[in-house]
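# An overview of the molecular structure
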Amino acid sequence: MTTTTDAPDTSDAALPADRLAAHGLHLRYGDRTVVRGLDLELPGGAVTAIVGPNACGKSTLLRGLVRLLAPAAGAVTLDGADIHRMPARALARRMGLLPQQPVTPEAVTVEALVRLGRYPHQRMLTPWSAADQAAVEEALRRTGTDALRDRPVDQLSGGQRQRAWIALALAQDTDLLLLDEPTTFLDLRHQLDVLDLVTDLHRDAGRTVVMVLHDLGQAARYADHLVVLHDGELAAAGPPGEVLTAELVERVFQVPCRIVPDPETGTPLVVPLARR
Amino acid sequence: MSPHTLTPARPGAAGAVAGPGRLARARRRTLALIAAAAVLLVLMTGVALSTGQVSIPLPDALGALFGSGPAGDVLVVREFRAPRVLSALVAGAGLAVAGSLLQRLLRNPLASPDVIGVTGGASFGAVLLLATGASQALTPLAALGGGLLAAALLGAFAWRSRMAVTRLVLVGLAVQAGLAAAVNLMIVRFPAELAGQALQWTTGSLYGRTWPELWGAGGAVAAVTAAVFLADRRVAVLDLGDDSAGGLGLDPHRTRLGLLLLAVVLASLAAALAGPVGFVALAVPHLVRLLAGPPTPATLALTALTGALLLTAADHLVLHVLPVHGLPVGAVTATLGAPWLLVLMIRQGRLPQRSSR
C-alpha cells in the first residue's frame, strides 16, 4: 500500500482496525422489521458479546453484520467501507462466521470440513497450496482437533463438533470472527471450553470476536464490550462493568435482580431476586 | 504466538500430516471402482455392438466402431448399432450426474429429474410435437425444450423464495404433476396410433437415434458434466448450509440456481436421447454412495460411468436377452437396479443418516 504524508485518512489509520459498524440499520424478514434504526460501533481487536431476550433481534443483527441479510435501510461498514459494496470473497477473507445451525455434510471428515474454510482464498482451477494446508493445520491445532482430523464430523460429540466448525472459520484466516450462539446445545464444560477457546483466539491470535450469547454471566465474563438489544433497538453498549446494571436487566429482561461482582473474576453477575 | 489448544496437544503432532488415513483409503477404493466400471463399460459397449442379427466378434465390433474391418461390419456397427448403444451410454451418464447433483442441491435423497419437473417437461415437449404432426426427427429437440420450460417454471416460482430448498421441491413436484397431467390429457385425446407413439416415448426408448443427435447431445452432456466437475468446490461449500456458504463468500441462491440449471440441462439432454428413463438418476447416486462413500469429484466420475453402464446394460437386455419385445428401457433399469440397491442397503445395515449439526 502506498502512503503519502498528507493522505486524508491518516486519522483513521491511528484507530484500531476491524471496526464493524451499523449506521441507521433496519433489518427485515418479509414485512416484519426485526432491527430498527440501529447505530452501533463495535471495537476492533476486542471481544464483543451481543445479548438480549429471546426475539430481540440479536441473531438477526449478526446476520446483518455478516451480510447474510441485506439491510432494508441503513448500512453496515467495515473500517468505513460498506460491506454490501465489497466483493463477497474479499469480505469472506476479512470476516468468518460460525452460524447457529450449520449443516454437517454426511460422513465428511474433520479435515475435509476445515479445508472448506479456504474457499474464499481459492480460485477455480488453482490447486491446494502450501499456504492453504498451513492454515488448515494451524486451525486444527488451535482448536485441538488435529487428533480428530480423520473422524467423520457427524460422529463427534457436540463439543468436538463445535470445535471442528470453529476450526473451519479459523482456516478462513480472517481478522474478524462472528459466532451466533456458539454455546447453545452444549453442556457447561463444553460451553466453557468454547468460550475459553474464543478468548484465546482473541488474546493469542489477535482476532476480533463478535458473538451472540444467551447467558448474561458468561457474556459479562468473556466479553470486553457488551451490546444489549431490546426489541430491535439498542438498550445499552459498553464495557460489561459499566453497562450491566440492575435497572437495565429489569427493563430489558423483566427480571428484578441484584448485580454482584463475580467472586472469580470481579465481572458483574446477575442474581435474580427471590420471589416473596 | 504461543500454541494454545483446548485439550493437551498430542506430542509431536504439530503440523504433522496425517498418515494413510480414512481419506486416502477411500480415494484408492474409489479409483479402483472407477477403473472397474470403465472396463465393464467398454466390455458392455463391445458386447452390445457385437450382438444382433449379424453376430460380430467383440474385438471386431469395437474396431468397426472406429471404421476398421470389413465394410459390412462397419456399416452394421456404425450405422445401425452404435447410435443406439452410445445414446444409452451418454443418456445414462447424464442422468446419473444430474441425479447426484440434484440430491446434493436439494438435500433430499429422493431428488431426481422427476422431482423438479424436468421429466414431465421433456414428455410434454415430445408429445406436443407428436400432436402437431411434425417430423419425429425433431422429438429430441422438443424434449430438450420441454425440459428447459419446466426449469424456467421452477426458477420463476422458486426464485421469489430465494431458491429455498423445501420450496424448490414443492414447486418442482407441482410443475411435474401439471405437465404430466397435460401429457396424459393429450394421449387420451389422441387417435390410437399417435397415442401409441406418445406412450412409447413417455415410457422411455432409445429407438431410432441418429449420429447428428448423438454428436449434439453427447457433446453437450460432456460439456455440462465438465462444468459440474469444475463446480465441485462450490457444491461442497453449499453442502454446509446457506448461512455457512454465505459466510464463506458464496451466494447460495445464485449458486443453487446455476447448478440446478446444469442438472436440468443434463437431464433434458438425456431425456431427449432416451426418453424419460426412470430410476437411473434416482438410484445410481445411492449405489455409488454405498460403494464409494460421500461425494467427491472421483465419486462423480464413478457416478457417470455407473449410469452409463446401467442404461447400456438395460437397453441390451431389452433388445437381445429378454423374451418380451417392446419393453421400455425404463422398466428394465428399475428391475435391474432395484435389487442391487436393496442388497447394498441391507449389507450396509442401515441407511446413511444425516445430522443437522
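These figures come from a predicted structure and were not determined experimentally. (Residues numbered from 1 in each chain as written. Chains lettered and ligands numbered in written order. Predicted model: local features only at pLDDT ≥ 70, side-chain atom pairs only at ≥ 80, totals over all residues. Heavy atoms only, no water.)

## Re the pattern of salt bridges
In total, this model carries 22 salt bridges over all chains according to the counting rule given. In this structure, Arg19(A) engages Glu41(A) in a salt bridge whose closest nitrogen and oxygen atoms are separated by 3.4 Å. Here the residue Arg19(A) occupies a position in the loop between helix 1 (10-14) and strand 1 (20-29), and Glu41(A) occupies one in strand 2 (residues 32-42), the gap between them amounting to 22 residues. We note a salt bridge from Arg256(B) to Asp242(B), for which the minimum N-O separation is 2.4 Å. With Arg256(B) in helix 11 (residues 252-274) and Asp242(B) in helix 10 (residues 242-247), the pair connects residues that are 14 residues apart, well separated along the chain. Taking the relative accessible area as the measure of exposure, Asp242(B) reaches 23% and is therefore partly exposed. Bridged by salt links that share partners, the residues Asp18(A), Asp79(A), Arg94(A) and Asp175(A) form one connected network. (Salt bridge = Lys/Arg side-chain N within 4 Å of Asp/Glu carboxyl O. Helix = DSSP H or I, 4+ residues; strand = E, 2+ residues; numbered from the N terminus. Buried < 20%, exposed > 50% of the residue type's maximum accessible area, 1.4 Å probe, protein only.)

## Details of the confidence of the model for chain B
In low-pLDDT segments, the atomic positions of the prediction should not be examined closely. Residue and element names in this part refer to chain B. Across chain B, the average pLDDT comes to 83, with 90% of residues at or above 70. Contacts from residues 1-20, a stretch scored under 50 in pLDDT, to residues over four places away or in other chains number 30 contacts. Segment residues 351-357: pLDDT under 50, and 22 contacts once partners within four positions in sequence are set aside and those in other chains are kept. (pLDDT = per-residue confidence, 0-100. Contact = heavy atoms within 4.5 Å.)

## Some points on the UniProt feature "domain: ABC transporter" (unreviewed entry) in chain A
Under the UniProt annotation, "domain: ABC transporter" (unreviewed entry) lies at residues 20-256 of chain A. Along residues 20-256 of chain A one finds 35% helix and 25% strand; the C-alpha atoms at either end are 33 Å apart. (UniProt positions renumbered as here; feature names shortened; annotations may be inferred.)

## Some details on the packing of helix 5 (residues 130-142) of chain A against helix 6 (residues 158-171) of chain A
Residue and element names in this part refer to chain A. At a closest axis distance of 8 Å, the pairing of helix 5 and helix 6 adopts a crossing angle of 145°. Like other packed secondary-structure pairs, helix 5 and helix 6 cross with a definite hand, here right-handed. For the pair helix 5 and helix 6, the contacting residues are Ala 135, Val 136, Ala 139 and Arg 142 in the first and Ala 167, Leu 170 and Ala 171 in the second. (Axes fitted to C-alpha atoms, helices over the stretch in contact; angles between N-to-C directions. Left-handed = near helix turned anticlockwise from the far one by under 90°.)

## Some remarks on the sheet that holds strand 4 (residues 73-78) of chain A
Strands pair in a sheet through their backbones, by hydrogen bonds, and they do so in one of two ways: parallel or antiparallel. All names here are of chain A. Here we have four strands laid out as an open sheet, ordered 2-1-4-5, and antiparallel in their pairing. Every interior strand has two partners, whereas the edge strands, strand 2 and strand 5 (81-82), have only one. Here strand 1 runs beside strand 2; their pairing, made up of seven bridges, is antiparallel. By the bridge assignment, Ala 21 is partnered in strand 2 with Glu 41. Running at roughly 115° to strand 1, helix 2 (residues 58-65) makes contact with strand 1, strand 2 and strand 4 of the sheet. (Pairing = 2+ DSSP bridges.)

## Points about helix 6 (residues 165-189) of chain B
Residues and elements named next belong to chain B. Taking 1.5 Å as the rise per residue, helix 6 with 25 residues should run 36 Å; its terminal C-alpha atoms sit 36 Å apart, in good agreement. The set of residues buried in helix 6 consists of Val 165, Leu 168, Val 169, Val 171, Gly 172, Val 175, Gln 176, Leu 179, Val 183, Met 186 and Ile 187. Tucked inside the fold, the buried residues of helix 6 contact helix 3 (71-105), helix 4 (118-132), helix 5 (139-159), helix 7 (192-202) and helix 11. (Expected span 1.5 Å × (residues − 1).)

## Here we look at the packing of aromatic side chains
The full count for this structure, using the stated rule, is one aromatic pair over all chains. A cation over a ring is seen here: Arg115(A) above Trp128(A), with NZ or CZ 4.0 Å from the ring centre. (Phe/Tyr/Trp six-rings, centres within 6.5 Å; stacked < 30°, edge-to-face > 60°. Lys NZ or Arg CZ within 6 Å of the ring centre and 35° of its normal.)

## Considerations on the nonpolar core
Core analysis: the biggest nonpolar cluster contains 146 residues, and Met211(A) and Val228(A) have the highest contact counts within it. Looking at this core, the element that brings in the most residues is helix 3 of chain B, giving 18 residues. Beyond its immediate stretch of four places on either side in the chain, Met211(A) contacts Val47(A), Thr48(A), Ala49(A), Ile50(A), Leu179(A), Pro182(A), Leu195(A), Val198(A) and Tyr222(A). Residues Leu25(A), Leu78(A), Leu91(A) and Val212(A) belong to the second largest nonpolar core, which totals 30 residues. (Core = buried A, V, L, I, M, F, W, Y, C linked by side-chain atoms within 4.5 Å.)

## Focus: unusual backbone geometry
Residue and element names in this part refer to chain A. Not every positive phi belongs to a glycine, and Asp 18 is a case in point at roughly 60°. Note that Asp 18 resides in the loop between helix 1 and strand 1. You can call Asp 18 buried: its relative accessible area is 10%. A positive phi is found at Asp 79, a non-glycine position, where the angle reads about 50°. Tracing the sequence through the fold places Asp 79 in the loop between strand 4 and strand 5.

## Examining the environment of Leu179(A)
All names here are of chain A. By the element assignment, Leu 179 lies in strand 7 (residues 176-180). In this structure Leu 179 comes out as buried when scored by relative accessible area, which is 1%. Each C-alpha atom of the pair Leu 179 and Pro 99 lies 6.3 Å from the other, and the pair is 80 residues apart in sequence. Excluding its chain neighbours within four sequence positions, the residues that come into contact with Leu 179 are Leu 62, Leu 98, Ile 166, Val 198, Val 209, Val 210, Met 211 and Val 212.

## Notes on the pairing of strand 12 (residues 268-272) of chain A
Residue and element names in this part refer to chain A. Pairing of strand 11 (residues 257-261) with strand 12, which is carried by five bridges, proceeds in the antiparallel orientation. Across the sheet, Pro 261 pairs through a bridge with Pro 268, a residue of strand 12. Hairpin connection from strand 11 to strand 12: six residues lie between these consecutive antiparallel strands, with Gly 266 at a positive phi of about 80°.

## What about the UniProt feature "transmembrane region" (unreviewed entry) in chain B?
All names here are of chain B. As recorded in UniProt, the sites labelled "transmembrane region" (unreviewed entry) are residues 31-49, 85-103, 115-135, 141-159, 168-187, 257-284, 296-314 and 326-346. Across residues 31-49 one finds 100% helix and 0% strand; the C-alpha atoms that close the span lie 27 Å apart. Its end C-alpha atoms 23 Å apart, residues 257-284 is made of 82% helix and 0% strand.

## Focus on the sheet that holds strand 8 (residues 208-212) of chain A
Residues and elements named next belong to chain A. Taken in spatial order, the six strands of this open sheet run 6-7-8-3-9-10, and their pairing is mixed. In this open sheet, the two strands that pair with only one neighbour each are strand 6 (95-98) and strand 10 (233-238). Averaged over all neighbouring strand pairs, the angle between strand axes comes to 15°, with direction disregarded. Relative to strand 8, strand 7 is paired through five bridges, and the arrangement is parallel. Among the inter-strand pairings, Leu 176 is bridged to a residue of strand 8, identified as Thr 208. Across the sheet, helix 6 is in contact with strand 6 and strand 7; its angle to strand 6 comes to roughly 165°. The sheet strands contacting helix 7 (residues 188-205) are strand 3 (47-51), strand 7 and strand 8, and the helix crosses strand 8 at an angle near 155°.

## Quick look at the packing of helix 6 of chain A against helix 7 of chain A
Residue and element names in this part refer to chain A. For the pair helix 6 and helix 7, the least separation of the axes is 10 Å and the interaxial angle reads 20°. With respect to helix 7, the axis of helix 6 lies roughly parallel. You can see that helix 6 and helix 7 cross each other, and the crossing is right-handed. In this structure, helix 6 uses Gly 159, Gln 162, Arg 163, Ile 166 and Leu 170 to contact helix 7, whose residues at the interface are His 190, Val 194, Leu 197 and Leu 201. Taken together, the residues that form the contact of helix 6 with helix 7 break down as five nonpolar, three polar and one charged. (Parallel < 35°, antiparallel > 145°, perpendicular 65-115°, else oblique. Nonpolar A, V, L, I, M, F, W, Y, C, P; charged D, E, K, R; others polar.)

## Topic: the environment of Thr60(A)
Residues and elements named next belong to chain A. Structurally, Thr 60 is set in helix 2. Assessed through its relative accessible area of 9%, Thr 60 is described here as buried. Each C-alpha atom of the pair Thr 60 and Tyr 29 lies 9.1 Å from the other, and the pair is 31 residues apart in sequence.

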